[in-house]
Amino acid sequence: MIGLSYIALAVATAAPSVTIVRAARLVDGRGGAVMAPAAVRVEGERITAVAERLDAPAGAKLVDLGAATLLPGFIDLHTHLTDRDGMHWEEALVKTTPGEAAIWGTHNAKLTLESGVTSCRDMGPTWPYVDVDLRNAIAKGVVPGPRMLVAGSYVSSTGGAGDARQFSIFVDVPIVRNLADGPDEIVKAVRTNFKNGADFIKILVTGAVTSKGIGPEQQQYSDQEIQAAVGEAKRWGREVAAHAHGTAGIKAAIRAGVRTIDHGSLLDAEAIQMLKAGRAYYVPTMYVTQTVVSSPIVPEAEKERSRRIDDMAIESFKQALRAGLRIGLATDAPVMPHGQYARELSFRVSLGESPMAAIVSATRVNAEILGWSDRAGTVEAGKWADLVAVPADPLVDIKTLEAVGFVMKGGVVYRDQLSR
Ligand SMILES: [Zn+2]
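Residues numbered from 1 in each chain as written. Predicted model: local features only at pLDDT ≥ 70, side-chain atom pairs only at ≥ 80, totals over all residues. Heavy atoms only, no water.

1. Digging into the overall build of the protein
When its secondary structure is counted, the protein shows 12 helices and 16 strands. With the C-alpha coordinates aligned to their principal axes, the bounding extent of the protein is approximately 75 × 50 × 40 Å. For the protein, with 420 residues in total, the buried portion stands at 56%. Summarising the internal contacts of the protein: among those between residues at least 6 apart in sequence, 70% fall at separations of at least 24. Entry remark: accessible area of the protein is about 16,500 Å², with carbon and sulfur atoms responsible for 55%. (Helix = DSSP H or I, 4+ residues; strand = E, 2+ residues; numbered from the N terminus. Buried < 20%, exposed > 50% of the residue type's maximum accessible area, 1.4 Å probe, protein only. Contact = heavy atoms within 4.5 Å. Areas by Shrake-Rupley, 256 points an atom, 1.4 Å probe, with all protein chains shown as cover.)

2. As for the pairing of strand 11 (residues 240-244)
Burial analysis of strand 11 places 5 of its 5 residues in the buried class, the great majority of the element. Of the two faces of strand 11, both are covered, the one formed by Val240, Ala242 and Ala244 as well as the one formed by Ala241 and His243. Where strand 10 (residues 201-204) meets strand 11, 4 bridges bridge the pair, whose relative direction is parallel. Within strand 11, the position partnered with leucine 204 by the bridge is histidine 243. Read from strand 10 through helix 6 (residues 223-235) to strand 11, the crossover connection turns out right-handed. Across 4 bridges, strand 11 lies against strand 12 (residues 260-263) in parallel orientation. Looking across to strand 12, one finds that histidine 243 is bridged to aspartate 262. (Pairing = 2+ DSSP bridges. Right-handed = clockwise from strand over helix to strand, strands pointing away.)

3. As for the environment of glutamate 90
With respect to the helices, strands and loops of the structure, glutamate 90 is situated in helix 2 (residues 89-95). Along the primary structure glutamate 90 and serine 211 are separated by 121 residues, whereas in three dimensions their C-alpha atoms are 8.8 Å apart. Not counting residues up to four positions away in its chain, the partners in contact with glutamate 90 are Phe167 and Lys212.

4. So, the coordination of the zinc ion
Within the protein, the atoms that donate to the zinc ion are His78 (NE2), His80 (NE2) and Asp332 (OD), at distances of 2.1 to 2.2 Å. Read from N- to C-terminus, the donor residues coordinating the zinc ion fall into the pattern H-x1-H-x251-D. Like histidine 78, the residue histidine 80 is buried in the burial classification. (Donors = N, O, S within 2.8 Å, 3.2 Å for Na, K, Ca; no water.)

5. With respect to the packing of helix 6 against helix 7 (residues 247-256)
Following both chains from N to C, one finds helix 6 and helix 7 inclined at 40 degrees, their axes separated by 9 Å at the closest point. By the angle between their axes, helix 6 is oblique relative to helix 7. Both helix 6 and helix 7 take part in a crossing whose hand is right-handed. Where helix 6 approaches helix 7, its residues Asp223, Ile226, Gln227 and Val230 are matched on the opposing element by Ala252, Ala253, Arg255 and Ala256. For the contact of helix 6 with helix 7, a count of residues per class yields 5 nonpolar, 1 polar and 2 charged. (Axes fitted to C-alpha atoms, helices over the stretch in contact; angles between N-to-C directions. Parallel < 35°, antiparallel > 145°, perpendicular 65-115°, else oblique. Left-handed = near helix turned anticlockwise from the far one by under 90°. Nonpolar A, V, L, I, M, F, W, Y, C, P; charged D, E, K, R; others polar.)

6. Thoughts on the side chain of threonine 206
Relative to the assigned elements, threonine 206 resides in the loop between strand 10 and helix 6. Side-chain polar atoms of threonine 206 contact the backbone nitrogen of histidine 245, separated by 2.9 Å. With near-sequence residues (within four places) excluded, threonine 206 lies in contact with Ala161, Pro216, Gln218, Gln219, Gln220, His243, Ala244, His245, Gly246 and Gly249. (Polar contact = N/O pair within 3.5 Å; in protein donor to acceptor, adjacent residues only side chain to side chain.)

7. Some details on the sheet that holds strand 10
Sheet architecture is open: 4 strands sit in the order 10-11-12-13, paired in parallel fashion. Both edges of this open sheet fall to strand 10 and strand 13 (281-283), since each of them pairs with a single strand only. The average undirected angle you get between the axes of adjacent strands in this sheet is 25 degrees.

8. A few points about the pattern of salt bridges
The final tally for this structure, using the stated rule, is 29 salt bridges. Its salt-bridge partner being aspartate 199, residue arginine 135 comes within 2.9 Å of it at the nearest N-O pair. Here aspartate 199 lies in the loop between helix 5 (182-195) and strand 10 and arginine 135 lies in helix 4 (residues 130-139), a separation of 64 residues in the sequence. The shortest N-O distance in the salt bridge between arginine 235 and glutamate 232 comes to 2.8 Å. With arginine 235 and glutamate 232 both in helix 6 and 3 residues apart, this pair spans about one turn of that helix. The class of glutamate 232 is buried, set by a relative accessible area of 3%. Residues joined by salt bridges that share partners form a network here, namely Asp28, Arg30, Glu380 and Lys383. (Salt bridge = Lys/Arg side-chain N within 4 Å of Asp/Glu carboxyl O.)

9. Overview of the packing of helix 11 (residues 342-350) against helix 12 (residues 355-370)
At a minimum axis distance of 9 Å, the contact between helix 11 and helix 12 shows a crossing angle of 140 degrees. Classed by the angle they form, the pair helix 11 and helix 12 counts as oblique. Helix 11 and helix 12 meet at a crossing whose hand is right-handed. On the side of helix 11, the interface is formed by Leu345, Arg348 and Val349, while helix 12 contributes Pro355, Ala358, Ile359, Ser361 and Ala362. In terms of residue class, the contact of helix 11 with helix 12 is built from 6 nonpolar, 1 polar and 1 charged.

Written out as structure tokens, the structure reads:
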């Protein structure tokens, strides 16, 4: 009998702990009716039940969030967690080290998680591949942070956005070693990224705002070069995210088969039609149109780039809304400060998007874009227990999302200022 009770004990310790989370209402990320009141049963890292009322079984932990609103963990499709606030990336290249970027990355990852972001797609560090190490440390539970998918070292052309050595041609910085011109070099850059641990490819299809060289309106890679990147990534079973502001670059990237058009500042009717018909998603970064022009660290020449396209970027977003386009959600932090994720939603709502649509974009649609519809983006049985709570109803006032008071990622509570 000793053997039997030993087995029973082993089973008992292996059973995941049960937590019941209760709140006044649930906005589950699917875009349908609000559930009020709401209860979510969490076992281990997964959600196992969602209902208006759930009894807490013996031994279960009860988290009563009172008048709060429960939502799925948010997803940010465009972050640079290892880049710190308040320092231009060119300055970081000559005054900081990869170690400093890693340490600041852990700080920013924690801030980001505490703002309700439980998963993010990191669009490239200034020091190549530091994001890979940060992703791995978070995944192992060494430091708190969102689940990360990382770009490693973005793929850029000589003289384009991402060619860091345009401030002095005599300064050697590692990031320029990934510059690639012509299909052959691009294939090599893509392979190098995957070898070094990247999850996906970020390609700079047009110029950028906070950069020198070719302008954001211009396409910096030829159609063939973009196709080479997508073709190679496809062979690895991976996706490509395209940084693209100008219209021609946006269309070339969609035609080449990228997964996302990041920024997408200068859409026209044809580009919107192409996005509607294809598998590429528009992932605007709207709030940064408000932060770059007033930033103390952005040089005047780059503020001028921002002024040239900001109004058109806002107009593109409004056109996309009118067209009923599927829209992803992203911040581009630290172009806006880390930890202020919800400002992107507040700003989009101020441009005419409904609070529900902005929340669905930040959760279910973003999960769809990552290919994670089976595990993230909604509060449903079977999904990761990634839950966020805010003190009031975000459908009445979207700004309440700026006051996240409870964060659970994979069943582990990282922030709780709301439970009673
Ligand atoms: Zn970016």
